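# Structural description and commentary
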2 protein chains.
Amino acid sequence: MEKSFVSQIADIDGDFAQWYTDVVVKTKLVDYGPVKGTMVIRPYGYAIWENIQNEFNKRFQANGYENAYFPLLIPMSFMTKEAEHVEGFAPEVAVVTHAGGEKLAEPLCVRPTSETIIGTMYGKWIESWRDLPLRMNQWANVMRWEKTTRPFLRTSEFLWQEGHAVFASAEEAEEETLKMLDLYEEFAKTCLAMPVLTGKKTEKEKFAGAVATYGMEAMMHDGKSLQSGTSHYLGQNFSKAFDIKFTDKDGTQKFGYTMSFGVSTRLIGAIIMTHGDNRGLVLPPVVAPVQVVIVPIASKKEGVLENCRALEERLKKAGVRVKVDDSDNSPGWKFNEWEMKGVPLRIELGPRDIEAGKMTVSRRDGLEKSELPLANAENAVLSLLNEISENLYEKAKKRMEERIVNAETLEGLLDGVNGGNFVRAGWCGERACEDKVKEFAQATSRVAAKEHTACKCVACGKKAATTLYFARAY
Amino acid sequence: MEKSFVSQIADIDGDFAQWYTDVVVKTKLVDYGPVKGTMVIRPYGYAIWENIQNEFNKRFQANGYENAYFPLLIPMSFMTKEAEHVEGFAPEVAVVTHAGGEKLAEPLCVRPTSETIIGTMYGKWIESWRDLPLRMNQWANVMRWEKTTRPFLRTSEFLWQEGHAVFASAEEAEEETLKMLDLYEEFAKTCLAMPVLTGKKTEKEKFAGAVATYGMEAMMHDGKSLQSGTSHYLGQNFSKAFDIKFTDKDGTQKFGYTMSFGVSTRLIGAIIMTHGDNRGLVLPPVVAPVQVVIVPIASKKEGVLENCRALEERLKKAGVRVKVDDSDNSPGWKFNEWEMKGVPLRIELGPRDIEAGKMTVSRRDGLEKSELPLANAENAVLSLLNEISENLYEKAKKRMEERIVNAETLEGLLDGVNGGNFVRAGWCGERACEDKVKEFAQATSRVAAKEHTACKCVACGKKAATTLYFARAY
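Below, the structure is looked at part by part. (Residues numbered from 1 in each chain as written. Chains lettered and ligands numbered in written order. Predicted model: local features only at pLDDT ≥ 70, side-chain atom pairs only at ≥ 80, totals over all residues. Heavy atoms only, no water.)

This next bit is on the relation of the copies chain B and chain A. Two chain copies here: they are related by a rotation about an axis and a translation along the same axis. In screw terms, the move from chain B to chain A is a rotation of 180° and a rise of 0.0 Å along the axis, fitting with an RMSD of 0.0 Å. Read as a symmetry element, the transformation amounts to a two-fold axis. No C-alpha of chain B approaches the rotation axis more nearly than that of Val96 of chain B, which lies at 2.1 Å. Comparing interface residues between copies, 100% of those in chain B also lie at the interface in chain A; the contact surface is shared. (Least-squares fit on C-alpha atoms with pLDDT ≥ 70 in both. Contact = heavy atoms within 4.5 Å.)

Shown next as structure tokens:
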């Protein structure tokens, strides 16, 4: 029964890809589905997703979004109404050609994203300026057929939220696009303890059909970037394609301005690769399925289990997600298991602790064990969970900041990304120069820097129009 | 702006089908999707579904179920592993034949239900008796291609939950099947104020691949039955097909016993057709998106809107889903709108009420207006919501009980269902006799009665083996 856990997981710095696979599978977050590129989200992984959903729902609601559900299948003809959109997504769609024992008159796409079908409905529902702004959010499965897949990071089917809003003016829609990007950044910090870079994407990297895409990028343990959320200003591209018109106050008919934004189960991958270590997962407290595990010491001694249960009840009442591990395994085995599973806080409670009115507390973020009075356990635990969240954030932020370097040449950029850094560099604005960087350094532009400090384009040496972050990316 | 609402809705007794369509569309619960047979669940409808989900999640969790997510696409070869299962579902599946720009080597079904794919994973995960029982629940979209569709009642795509469990013994699996049926019945009563009949289905009506299916049936306004939830004992049919084996305590390998159960967005249709009236929806308080609407009277008078907001805040804190309607419409227009939308409780608050420290309260379930002190509004509202729930249940129960009749002949059965009744009648156990009832009276067997009281088969006159409820059904 007793096995060494650590030996089951590849070394995080030696083989990060294998470490990731070991961790996601062995902690039972996920398993591989029978169809290539699909994943099964197991209860421990799905509970993280549910916590992410709850946190987002509060925020979306506060911003005027209502949840709704639109159909999975989209007529192929809808996809082709917006020229750039179909070009971007057609190569990735899964297509239903037969149903109910018959060949369909028109093939149907399994939604890769829902602008086209939601746009169609919005076109039907919106009549006047009074109906605007219109804001809805959908939690759904989407499908994008991918050649190379990895659980959470890139799978043919994934779960996500997609927000879709229509406004009367370009200004409002652009403002909302940035507001939702800010919401994502705040969420990443507060709930995932994950620092991000946010900014505009280049034409090459933008969403198919958008006027402008803004992204949030997070630095993973290996220095590669993970696009963790995007917010798109769609202008009138989709409103013209899907006839989203309203009668304005002046009585004239106008096309609305639309925007959309989304995050997916990829965020679970982001958490794993931001905070994980050689002992396994390190889960940020806000989304951890189990925030505190109580391990009874000498559990057969009278009163130990009862005291553990009593503490569990108290913490539950205080809103903590807590669990007593009363299995037959040894305390040492339990410590390893719950560490591998990334539980933020472990409480040991044995006869001596109980007698002394204390509990022994260990933080998963690596700080020292401490003894705390049982009397005030609720407050102590809640404030420790907060501290852990802040500490994880600060650690990740420090790492990211230390690993942002500047480059003025392609060689410098290559050195930078080879060293596991994000590289800030100037860009003239030409697609050819972005392609050159890709070819030379296998790095892509992630987002534009907030401050434009570079003088020259890293690829051609001409005047830089923008300062971009380049990185290797998932 | 001001329109008569009632005139927009067909008469509930004159044309129930049209009444249903009018109500679901005009209250913005749902709209028709662009692909035939699909629906768009609009925010007001989706909020009901979210409340249903929350209530079920509490109950499933208390019964040891954990949520998970399994892939949408199932290889066709999985479907064919259980012979009855594929026979039942093959005619209804939608099939993905192309993806990523290529023809797939094997066609993939869009899941009509997930026994096959979940069974495959369970087969992989379960090793020993220590892994049992294994209980999971999935909230997902499923697809069954239907010829005749109606929003919520029968759509090609719908949302549902499906619970799947494995046990070491037949007894435990059978017990769980009935336990989940009881859970459904309790849920229907507590959350939907909906009385149901529960019992075993006949071979003809059972789930494809089950050993036995138990159903809950509810009587709609027109006397027809709506199957509102099912729980299936699957025996070893799926464990043998999907190799769900475990090493038992005695060291031998055994096949597990499985069961599954599900309810869908159909429950929203059930609510509508159980409680609705000529003024529109009547929503049971536990799942109503808005439980209380506050309508300001003479809202421009000083202090009125402020008092409405203050009351709203107080009720929110007490856990009530409440909304102040501060739109420009007249109070009369608002009354009609919120009645049509089925909000359980309306509070009117005007200058005179405020001065007198009172509020005027109207119940959507048709009982008299009353004046209640503002001082104790929270408790008054909470207890009224409870009363409404109980009253709706009692009304529906009385109707159902009054409309259950007995029949001993096919003519009697036909008269019964023609009169909008459920008909209790004896059945010999032969499929041919069930078919005869269908042909003669366009009625199907719903569930077996708990008490077997009939002597003779209603169709052949031979000894009755079971007493069944027959009804016309949705």
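Past the structure itself, the notes keep going.
Residue and element names in this part refer to chain A. Across the interface, helix α13 (residues 410-418) lies against helix α14 (residues 431-441) with an axial gap of 10 Å and an inter-helix angle of 55°. For the element pair α13 / α14, the angle class is oblique. Crossing handedness for the pair α13 and α14: right-handed. Facing Leu410, Glu411, Leu413, Leu414 and Val417 of α13, the residues of α14 in contact are Lys436, Val437, Phe440 and Ala441. Residue composition of the contact of α13 with α14, by class: seven nonpolar, no polar and two charged. (Axes fitted to C-alpha atoms, helices over the stretch in contact; angles between N-to-C directions. Helix = DSSP H or I, 4+ residues; strand = E, 2+ residues; numbered from the N terminus. Parallel < 35°, antiparallel > 145°, perpendicular 65-115°, else oblique. Left-handed = near helix turned anticlockwise from the far one by under 90°. Nonpolar A, V, L, I, M, F, W, Y, C, P; charged D, E, K, R; others polar.)

With that settled, the discussion passes to the interface of chain B and chain A. Contact residues are listed per partner, giving 50 residues for chain B and 50 residues for chain A. Carbon and sulfur atoms make up 65% of the area that chain B and chain A hide from each other, which totals about 4,100 Å². Along the contact surface separating chain B from chain A lie two salt bridges. Linking Lys124 of chain B and Asp31 of chain A is a salt bridge whose minimum nitrogen-to-oxygen distance equals 2.9 Å. Joining chain B to chain A, the criterion identifies 22 residue pairs in polar contact (both at pLDDT 80 or more). For the side of chain B that touches chain A, the element with the most residues is strand β5 (residues 94-99) of chain B, which contributes six residues. As defined by bridge partners, strand β5 (residues 94-99) of chain A adjoins β5 of chain B across five bridges and the pair is classed as antiparallel. By the bridge assignment, Ala94 of chain A is partnered in β5 of chain B with Ala99 of chain B. (Buried area = accessible area lost by both parts, 1.4 Å probe. Salt bridge = Lys/Arg side-chain N within 4 Å of Asp/Glu carboxyl O. Polar contact = N/O pair within 3.5 Å; in protein donor to acceptor, adjacent residues only side chain to side chain. Pairing = 2+ DSSP bridges.)

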